Amino acid sequence: MLGKWIVETSYFLQNYHPYRSVKNIIYNLLENNHYHYKKIFDMVMIGLIFLSIFILIRQVKHELSPEWLFFNNYVISLIFLVEYLFRLWVCSDTSKLIIEQYEHDLFLHRPFSLSRALKLAFLKKFEFIRSPSAIIDLLAILPFFHELRMLRIFILFRVLKLFRYAKSLRRLVSILSSKKFEFVTLIIFTLTVIFIASVLIYVMEANNPKSPVNTLFDAVYWSVVTIFTVGYGDIIPVTSEGRIVAIVIIMLGIAVISFATSIVVSAFTEKLDEIKKEKWVDDVTRLKRFYLICGFSPLSLEVIRRLSKGSIPIVILENDPILYEQAKMHGFMALEYNPSSMETYTYLKINFTHQIEAILLLQDSDVENVFTALTIREMTKHVPLYSILHHLEHRRKLQMAGIDVIINPHELVGLMGKILSSQPVAFEAIYALRSEQTSIVIDEIVLTQGSESIFYPLLKEKLFARRLSVLGLYHHKNREFRFNPKDNEMFRNGDVAIILGDRILINEFKSILLRRGIG
């Protein structure tokens, strides 16, 4: 009963427009840096942070009125608390997770697992709770720990013009984290040297009345200052033995600094291409209007040269590393991303309505152009789509994909002949994959010893009958591919079956096939 009520409530919240609107507004206000009112919100929060810090500093040597202390410890803390709770609310969609788990269990004819759904929802929230920024926010809202509110100064780097520096800081942390092993080794070596040096200098100097080293802490302080080549000069060894130790520590300090510098330099060198790639992405995000060309080829080069005569910039998406490098060598604004993947446009944050002048599909394959067109049409119906046509018989498929203008290169004067690659034939299935059933996938199953004999019997069971389709079979032994094989087709160990169906159902089929094959 409780599970049913929670599922019904989740469906209600998922479809209740006022609830979704409020959550969307709050999400934009807190997380969407392109949202206009977020800047105003950030300015208010910055003002509260600076005011809180000012009160904290003023309180050190001046008496403050109870009103100011109450405002600092409770009013500002309450505002930060509301912000924290809102961030916790919008960091994940609990109702969506519950619905997904319910539909997953229903699809596989299983009882709804409420505990698993709640566990997934809790883990999503816990990811936010344990994040460093969330921990700092939590400490900042506690009145008894209001001194720690200075840590919230880091939120300044997320807003307005300083936001780009926050991105640079995250990028810096990411680059340095790639050398975690080297840094751990350096830290262990440095701590070992400091420990040995502290003990040695303490033994050599502590009994000398002229020596400023009187405690072990003085020795540790001197070792740290010396090994990092700071050398304040407030504590210096006076014995010959102590000075010998100092000479060794100074040389080791130079080695430590050199080692640390080489680690940082090598990390940046290895990540240089990635940094440049992210910079290109930032440049594309800031463009107001541009042409988007999917695929780079000699034809693309000719089109770009003609479009470059205008004032509108051109951006190229190319997934092939070789073609991507060729586009960069010509000095074009190119990004190495898959044009047919929706994740590409989500990551680039492209606004089709306000940024895209037109999209040109100039890939060397009609199938790739169809995939790309279907992906774009899922996100927008209005952006102008132009595509090249390599095979005349595929014109209908491109039209069904929502392409506005289709051009055959053989009909254009002055264009070079194109070398056509072999194309798949199941366009209807591809169209269904991209437009009607977005959860449908094509997957491969390698048949092992024991599973080849139960493949078709399992496929005919009630859970999988008429819900999974075998598109083809590759015989490993004679290297032969059979399209749309018959039910009596013989499978052998090592053969590969190509199946079409729902992703969840295919995973369940694989799991059962593996268990029964082993059994």
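Please read these numbers as outputs of a predicted model, since none were measured by experiment. Position labels on residues start from 1 in each chain and follow its written sequence. With pLDDT at 70 or above as the cut-off, local features in this predicted model cover only qualifying residues; side-chain atom pairs require 80 or more to be listed or tallied, and sums for whole chains, interfaces and linings still use all residues. Excluding hydrogens and water, the side-chain values take into account all heavy atoms of the structure.

S.K.: Quick one: what's the story with the pattern of salt bridges, residue by residue and with numbers?
M.R.: When their charged atoms lie close together, side chains carrying opposite charge are able to pair. In the sections that follow, a salt bridge refers to a side-chain nitrogen of Lys or Arg positioned within 4 Å of a carboxyl oxygen of Asp or Glu. Across all of its chains, the model carries 8 salt bridges by this definition. The shortest N-O distance in the salt bridge between E508 and R110 comes to 2.8 Å. Here R110 lies in the loop between α5 (94–107) and α6 (114–129) and E508 lies in helix α20 (residues 503–518), a separation of 398 residues in the sequence. One network of salt bridges, in which partners are shared, links R20, K23 and D93. Only DSSP runs of H or I reaching four residues or more are called helices, and only runs of E reaching two or more are called strands; each is numbered from the N terminus.

S.K.: So, the sheet that holds strand β10 (residues 496–502): which residues are in play, and what are the values?
M.R.: Strand pairing in a sheet is mediated by backbone hydrogen bonds. Such pairs are either parallel or antiparallel. A pair of strands is labelled paired if DSSP reports no fewer than 2 bridges between them. The strand order across the open sheet formed by 4 strands is β7-β10-β8-β9, and the pairing between neighbours is antiparallel. Each edge of the open sheet carries a strand with a single partner, namely β7 (440–446) and β9 (480–483). Mean inter-strand twist for the sheet, computed between neighbouring axes without regard to direction, equals 20 degrees. Simply put, an axis is a line fit to the C-alpha atoms, just over the touching stretch for a helix, and the angle between two N-to-C directions goes from 0 to 180 degrees.

S.K.: Describe the pairing of strand β2 (residues 314–317), with residues and values.
M.R.: To sort residues, take the accessible area from a 1.4 Å probe on protein chains only and compare it with the maximum for the residue type: under 20% means buried, over 50% means exposed, and anything in between is partly exposed. The alternating pattern of β2 places I314 and I316 and V315 and L317 on opposite faces, both of which are buried. In this structure, strand β1 (residues 290–294) lies alongside β2, joined through 4 bridges in parallel fashion. Paired with I293 across the bridge in β2 is I316. Where the polypeptide runs from β1 across helix α13 (residues 298–307) and back to β2, its parallel neighbour, the crossover connection is right-handed. As a crossover connection, the stretch from β2 through helix α14 (residues 321–329) into strand β3 (residues 333–335) is right-handed. Seen with its strands pointing away from the viewer, a crossover is right-handed if its path from the first strand over the helix to the second goes clockwise.

S.K.: Talk me through the sheet that holds strand β4 (residues 356–361); I want residue IDs and the actual numbers.
M.R.: What the 6 strands build is an open sheet, ordered β3-β2-β1-β4-β5-β6; its pairing is parallel. Strands at the two margins of the open sheet, each flanked by one partner only, are β3 and β6 (405–407). Taking the axes of each pair of neighbouring strands and ignoring which way they run, one obtains an average angle of 20 degrees across the sheet. Bridge count for β4 against strand β5 (residues 385–388) is 3 bridges, and the pairing is parallel. Counterpart to L360 in the pairing with β5 is Y386. Contacting β1, β4 and β5, helix α16 (residues 366–379) crosses the sheet at an angle of about 170 degrees to β5. Contact criterion: two residues are considered in contact whenever any of their non-hydrogen atoms come within 4.5 Å of each other.

S.K.: Before we move on, could you go through unusual backbone geometry and cite the residues and values that matter?
M.R.: The residue T229 is not glycine, and still its phi comes out positive at about 55 degrees. Since its relative accessible area comes to 47%, T229 is described here as partly exposed.

S.K.: With reference to specific residues and values, describe the packing of helix α2 (residues 17–30) against helix α4 (residues 66–90).
M.R.: Axis separation between α2 and α4 bottoms out at 10 Å; the angle between their running directions is 115 degrees. Relative to α4, α2 is oriented so that their crossing is left-handed. Where α2 abuts α4, its residues Y19, V22, K23, I26, Y27 and L30 lie against E83, F86, R87, W89 and V90. Just so you know the grouping, Ala, Val, Leu, Ile, Met, Phe, Trp, Tyr, Cys and Pro go in nonpolar, Asp, Glu, Lys and Arg go in charged, and all remaining residues, Gly too, go in polar. Residues that form the contact of α2 with α4 fall into these classes: 8 nonpolar, no polar and 3 charged. Crossing handedness: left-handed means the near helix sits turned counterclockwise from the far one by under a right angle, and right-handed means the same turn made clockwise.

S.K.: Any chance you could break down the environment of P313 for me, citing the residues and the numbers?
M.R.: For P313, the location among the structural elements is in the loop between α13 and β2. Judged by its relative accessible area of 31%, P313 is partly exposed. Each C-alpha atom of the pair P313 and V284 lies 9.6 Å from the other, and the pair is 29 residues apart in sequence. Those residues within four positions of P313 in sequence are excluded, and the remaining contacts are L287, R289, F290 and Y291.

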